Amino acid sequence: MNIHEFQGKELLKRYGVAVLDGYVASTPEEAEEGAKKLPGPIYVVKSQIHAGGRGAGRFKDDPNGKGGVRLAKSVEEVKTNAAAMLGHVLVTKQTGPEGKQVNRLYIEAGCDIARELYVALLLDRETSRVVIMASTEGGMEIEEVAEHNPEKILKVHVDPATGVSGYHGRKLAFGLGLEGKQVNSFVKFVTALYQAYVELECAIVEINPLVVTKQGDVVALDAKVSFDDNALFRHKDLEALRDDTEMDPKELDAAKFELNYVALDGEIGCMVNGAGLAMSTMDIIKLYGSSPANFLDVGGTADAARVTEAFRIITSDPNVKAILVNIFGGIAKCDMIANGIVVASKNLDLQVPLVVRLEGTNVELGKKILAESGLKIIPADNLADAAQKVVAAVKGA
Ligand code: ADP
Ligand code: MG
């Protein structure tokens with residue numbers, strides 16, 4: 001689960017992570033009120049959406065205007081900027097071309113930046129340890145740094161039994177070229193960050209940029225905090241930070257039926273059991289020249305009801321021009337899945353071409369049910385055959 005920057009900063013602050021003062025606003029008047037409580041003379045007006053790249057992003061209705069993070073030199077300027085941003089759609093590298101509507105702003109104290117650094121904590125699955133990553137290339141996308149200058153990413157792993165110690169922070173601080181009192185500030189910062197990461201059971205905490213101020217302080221200027229969904233049941237208070245307006249309505253709907261669904265922007269709806277098979281199904285659709293409209297793992301216990309819900313969600317996406325069902329019957333037997341497909345197609349009056357590839361337990365019975373259903377289902381024998389047929393169906397349509 002992702003949360004907003006201002007929520008992340010509030011949580012991190014409780015652990016002793018240095019952040020600047022700021023106030024949330026959902027109207028220009030609230031933005032003005034917030035700014036009045038800050039010392040000035042520089043204020044920063046920051047769009048609160050679940051996506052990065054806001055500074056370099058542009059508003060859809062003003063593509064040549066200013067971005068989603070704006071400096072203001074007076075309280076009045078804060079207010080006019082707030083009015084120009086609230087309710088408008090911000091497009092960034094991470095939002096996709098459709099962008100995200102800005103419903104809230106964070107009005108933050110302006111900061112005298114000497115250096116912009118990067119620091120992030122995440123789980124390294126290979127070593128089963130939390131890894132602290134740091135880089136001198138703050139403010140940039142870390143993926144770019146990883147691709148072009150991998151040597152500029154420093155990493156230390158933390159043994160969960162002993163936890164974080166001064167050594168970890170110092171090693172990174174020296175690697176980043178910090179000096180004097182900056183080293184201690186950084187060590188304190190990273191230690192607090194680690195404590196927050198572990199206690200809140202985060203998936204990732206990314207501070208980009210982490211800045212060294214002209215006064216030598218180390219402060220989080222941005223904060224991306226995301227929690228491990230599987231641990232959320234232990235943190236009821238964090239549930240309150242969920243912002244459903246940031247989620248795709250189809251994904252919210254799918255979550256209610258415990259379907260693993262991720263909306264994408266292609267044209268072929270996919271219904272698959274097993275995450276690995278779902279990934280390879282998306283790959284092979286690409287390979288044959290089209291693109292998937294979604295990732296969907298219906299799970300091992302797929303029955304007629306779940307299959308119907310899955311079809312309903314897939315077809316609620318207007319971009320879907322055909323559907324590919326790719327099921328490997330194990331616990332979920334092929335005949336049961338076939339029955340589910342027949343019931344769902346009839347109930348939903350499915351209009352788009354449907355290609356079905358079944359394999360595994362009771363496959364012959366499953367194929368027979370589909371063939372005798374009277375529905376216009378295109379059967380496929382294997383993954384490549386299925387992908388070719390569904391792409392042909394889309395291209396022909
Ligand atoms: P995003 O990563 O979504 O673009 P950031 O919070 O990282 O958003 O802000 C983008 C840039 O704006 C930062 O790299 C920094 O240069 C500047 N910035 C952000 N907050 C402040 C602040 N409080 N004071 C001064 N500059 C800021
Ligand atoms: Mg940032």
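All values reported here derive from a predicted model rather than from experimental measurement. (Residues numbered from 1 in each chain as written. Chains lettered and ligands numbered in written order. Predicted model: local features only at pLDDT ≥ 70, side-chain atom pairs only at ≥ 80, totals over all residues. Heavy atoms only, no water.)

**What to know about the pattern of salt bridges**
Going by this rule: In what follows, salt bridge is the name for a side-chain nitrogen of Lys or Arg lying within 4 Å of a carboxyl oxygen of Asp or Glu. For every residue, the accessible area (1.4 Å probe, protein chains only) is compared with the maximum for its type, and the residue is labelled buried under 20%, exposed over 50%, or partly exposed between those bounds.
Considering all chains together, one arrives at 26 salt bridges under this definition. Taking the shortest distance from any N to any O, the salt bridge between Glu 239 and Arg 242 comes out at 3.3 Å. For Glu 239, a relative accessible area of 32% puts it in the partly exposed group. Sharing partners across several salt bridges, the network here consists of Glu 5, Lys 9, Lys 46, Arg 54, Glu 108 and Asp 222.

**Focus on the coordination of the magnesium ion (ligand 2)**
Where we set the bar: A 2.8 Å cut-off from the metal defines N, O and S donors, relaxed to 3.2 Å for Na, K and Ca; water is not in the atom list, so some sites may appear incomplete. Working definition: helices are DSSP H or I runs of at least four residues, strands are E runs of at least two. Numbering for both runs from the N terminus.
Distances from the magnesium ion (ligand 2) to its protein donors, Asn 208 (O) and Asp 222 (OD), fall within 2.1 to 2.2 Å. Of the two residues, Asn 208 is situated in strand β11 (residues 202-213) and Asp 222 in the loop between β12 (218-220) and β13 (224-227); the sequence distance between them amounts to 14 residues. This pair shows no difference in class: Asn 208 is buried, exactly as Asp 222 is.

**Examining the sheet that holds strand β3 (residues 58-59)**
Basically, it comes down to this: Only when DSSP finds a minimum of two bridges between them are two strands counted as paired.
Pairing within the open sheet is antiparallel, and its 3 strands lie in the order β3-β5-β6. Strand pairing shows two members of the sheet lacking a second neighbour, β3 and β6 (100-101), which therefore form its edges. Taken together, the 2 bridges between β3 and strand β5 (residues 89-91) define a ladder with antiparallel strand orientation. Across the sheet, Arg 58 pairs through a bridge with Val 91, a residue of β5.

**A word on the UniProt feature "binding site: Mg(2+)" (unreviewed entry) in the chain**
As a reminder, the rule being used: UniProt positions are given in the numbering used here, feature names are shortened, and annotations may be inferred rather than shown by experiment. Residue contacts are counted whenever heavy atoms from the two residues lie within 4.5 Å of one another. Under this definition, polar contacts are N or O atom pairs within 3.5 Å; protein pairs additionally need one hydrogen-donor-capable and one acceptor-capable atom, and for neighbouring residues in sequence, both atoms have to be side-chain atoms.
Within this numbering scheme, the UniProt entry marks Asn 208 and Asp 222 as carrying the feature "binding site: Mg(2+)" (unreviewed entry). Discounting chain neighbours no more than four positions away, the residues touching Asn 208 are Leu 117, Tyr 118, Gly 138, Gly 139, Met 140 and Asp 222. Here Gly 139 takes part through its backbone nitrogen, which lies 2.6 Å from a polar atom of the side chain of Asn 208. Sequence-distant contacts of Asp 222, defined by excluding residues within four places in its chain, comprise Glu 5, Lys 9, Lys 46, Arg 54, Glu 206, Ile 207, Asn 208 and Pro 209. A polar side-chain atom of Asp 222 sits 3.1 Å from a polar atom in the side chain of Arg 54.

**A short note on the UniProt feature "binding site: ATP" (unreviewed entry) in the chain**
As recorded in UniProt, the sites labelled "binding site: ATP" (unreviewed entry) are Lys 46, Gly 53, Arg 54, Gly 55, Glu 108, Cys 111 and Glu 116. You can see Gly 55 is positioned in the loop between β2 (43-47) and β3. For Gly 55, a relative accessible area of 39% corresponds to the partly exposed category. With residues near it in sequence (within four places) discarded, Gly 55 still touches Gly 67, Gly 68 and Val 69. Here Glu 116 lies in strand β8 (residues 113-124). Beyond its immediate stretch of four places on either side in the chain, Glu 116 contacts Thr 136, Glu 137, Gly 138, Gly 139, Pro 209, Leu 210 and Val 211.

**Some remarks on helix α8 (residues 249-256)**
Keep this limit in mind: Here, the arc refers to the directions that run from the helix axis to the C-beta atoms.
The set of residues buried in α8 consists of Lys 250, Asp 253 and Ala 254. Seen along its axis, α8 keeps its buried residues to an arc of 100°; they face one direction. Turned more than 90 degrees away from the buried face of α8, the exposed residues are Pro 249 and Lys 256. Close packing links the buried residues of α8 with β14 (260-263) and α10 (304-315). Sitting at the head of α8, Asp 248 places a side-chain oxygen 2.7 Å from the backbone nitrogen of Lys 250. Immediately beyond the C-terminal end of α8, within one or two residues, lies Glu 258, with a positive phi of roughly 55°.

**With respect to the environment of Pro 249**
Positionally, Pro 249 belongs in helix α8. In sequence terms Pro 249 and Thr 213 are 36 residues apart; their C-alpha atoms lie 41 Å from each other.

**Things to note about unusual backbone geometry**
Cis geometry marks the peptide bond from Gly 40 to Pro 41; its omega dihedral reads 0°. Checked against the element boundaries, Pro 41 lands in the loop between α2 (28-36) and β2. Here the amide bond leading from Asn 208 into Pro 209 is cis, since omega sits at 10°, within 30 degrees of zero. Here Asp 349, not a glycine, exhibits a phi torsion of approximately 50°, which is positive. Structurally, Asp 349 is set in the loop between α11 (334-348) and β18 (354-360).

**Observations regarding the sheet that holds strand β7 (residues 105-109)**
Strands in a sheet are paired, the pairing made by backbone hydrogen bonds, and the direction either parallel or antiparallel. So the rule is basically this: Structural elements are reduced to axes, namely lines fitted to C-alpha atoms, with helices fitted over the stretch in contact, and the angle between N-to-C directions of any two is expressed from 0 to 180 degrees.
Across the sheet, which stays open at both edges, the 4 strands sit in the order β1-β7-β2-β4 with antiparallel pairing between neighbours. The sheet is open, and its two edges are formed by β1 (22-25) and β4 (69-72), each paired on a single side. Taking each pair of neighbouring strands and ignoring which way they run, the sheet shows an average axis angle of 20°. Where β2 lies against β7, 5 bridges are found, and the strand directions are antiparallel. From the neighbouring strand, Lys 46 faces β7, where its bridge partner is Tyr 106. Sheet contacts for α2: β1, β2 and β7; angle to β1, the most-contacted strand, approximately 170°. Lying on the sheet, helix α3 (residues 75-85) is in contact with β2, β4 and β7; it crosses β4 at an angle near 155°.

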